[in-house]
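Chain by chain, the residues:
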Amino acid sequence: MANTRIETDSMGELEVKAGAFYGPQTQRAINNFSISGQKMPEEFIRSLLIAKAAAATANQSLNQITNDTADAICKAIELLLNDKDLMQHFPVDIYQTGSGTSTNMNANEVIATIASKKSNLPVSANDHVNYGQSSNDIIPSTIHISAALALEFNLLPALEHLTKVIRSKAKKLECYIKTGRTHLMDAMPIQLSQSLNGWAKQIELNVDRLKNIQ
C-alpha cells in the first residue's frame, strides 16, 4: 500500500501522507518550514478549534452556511477535542509564516476532512470551515483564547496552591527568628514566618490582578 496519496489544488499536485486528515496546504507548510521540529502547542490547537466552532455557529446563525454543514463542522471539532490521538494531524512547525496561515489552513483541512467523512457532505476547508475569516482574524483570537484558558486552568490553580504551601510552611516556622534585610533603615529581627507570609501576600495580590483582567 502506498505511503502517500496525490492531492490537487490551484497550485498543482502534491504528495500527502496517505493517512493524514490534512491536505496540500498543510503539506506545503511541512515542506517549506522544516525548521525546529517543534509543533504548535496542543493548548493553542485546542483554542483554535474552539474558535472555529464559534465561527461555524455564528455563520450558521447568519445563514452563511447551512445548518447541516455547521453541525458537521462542530461535531468534527468535538471529536478532535476529545481524541488526543487526532492531534497528530497538526504537524506544522511552530516557526512558520508570521500570520499563522499554515496552522490556520491545517485546522481548516483537518476539520473539513473529518466533517465530510462523518456527515457524507462536501464540507470545504476554505468555503465552509474558514468562511468569513482570515489568519489575521483567527490567530490573534486564538492567542487570546489560549492565554485565557492557560490562566484559568494552569496558572491560577498553581499560584493558589503555592500560596497555601507557603502559608503552611510559615505556620511551622513562626518560632524562628531571622535578620530582616531592609534598605535605608536599620535591619530588625523578624520571624521567618513574616517573610514567608509576605511572599504569600504578594502572590495573592497578583492572583487578584490576574482575575481582574480575565
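Refer to the structure above for everything that follows.
Here the structure is a predicted model, which means the values were calculated and not measured.

Asker: Explain the side chain of Gln96 residue by residue, including any values.
Answerer: Secondary-structure assignment places Gln96 in the loop between helix H3 (67-82) and helix H4 (101-119). Separated by 3.5 Å, the side chain of Gln96 and the backbone nitrogen of Ser102 make a polar contact. Within the local environment of Gln96, its side chain forms a polar contact with the side chain of Thr103, the two groups lying 2.7 Å apart.

Asker: Provide a residue-level description of unusual backbone geometry, including the pertinent values.
Answerer: Residue Asn63 is not a glycine yet carries a positive backbone phi of 60 degrees. Counting through the fold element by element, Asn63 comes out in the loop between helix H2 (42-61) and H3. Residue class for Asn63 comes out exposed when judged on its relative accessible area of 66%. Of note, the phi angle at Asn120 is positive, near 60 degrees, even though the residue is not glycine. Secondary-structure assignment places Asn120 in the loop between H4 and helix H5 (125-129).

Asker: An account of the packing of H2 against H3 is requested, with residue identities and associated values reported.
Answerer: The relative placement of two packed helices comes down to the angle between their axes together with the axis-to-axis distance. Between H2 and H3, the shortest axis-to-axis distance is 9 Å and the interhelical angle comes to 165 degrees. The angle between the axes of H2 and H3 places the two elements in the roughly antiparallel class. Remark: the crossing between H2 and H3 carries left-handed chirality. Side by side, H2 and H3 meet where Arg46, Leu49, Ile50, Lys52, Ala53, Ala56, Thr57 and Gln60 of the first sit next to Asn67, Ala70, Ile73, Cys74, Ile77, Leu80 and Leu81 of the second.

The rules behind the values
Residues numbered from 1 in each chain as written. Predicted model: local features only at pLDDT ≥ 70, side-chain atom pairs only at ≥ 80, totals over all residues. Heavy atoms only, no water. Helix = DSSP H or I, 4+ residues; strand = E, 2+ residues; numbered from the N terminus. Polar contact = N/O pair within 3.5 Å; in protein donor to acceptor, adjacent residues only side chain to side chain. Buried < 20%, exposed > 50% of the residue type's maximum accessible area, 1.4 Å probe, protein only. Axes fitted to C-alpha atoms, helices over the stretch in contact; angles between N-to-C directions. Parallel < 35°, antiparallel > 145°, perpendicular 65-115°, else oblique. Left-handed = near helix turned anticlockwise from the far one by under 90°. Contact = heavy atoms within 4.5 Å.

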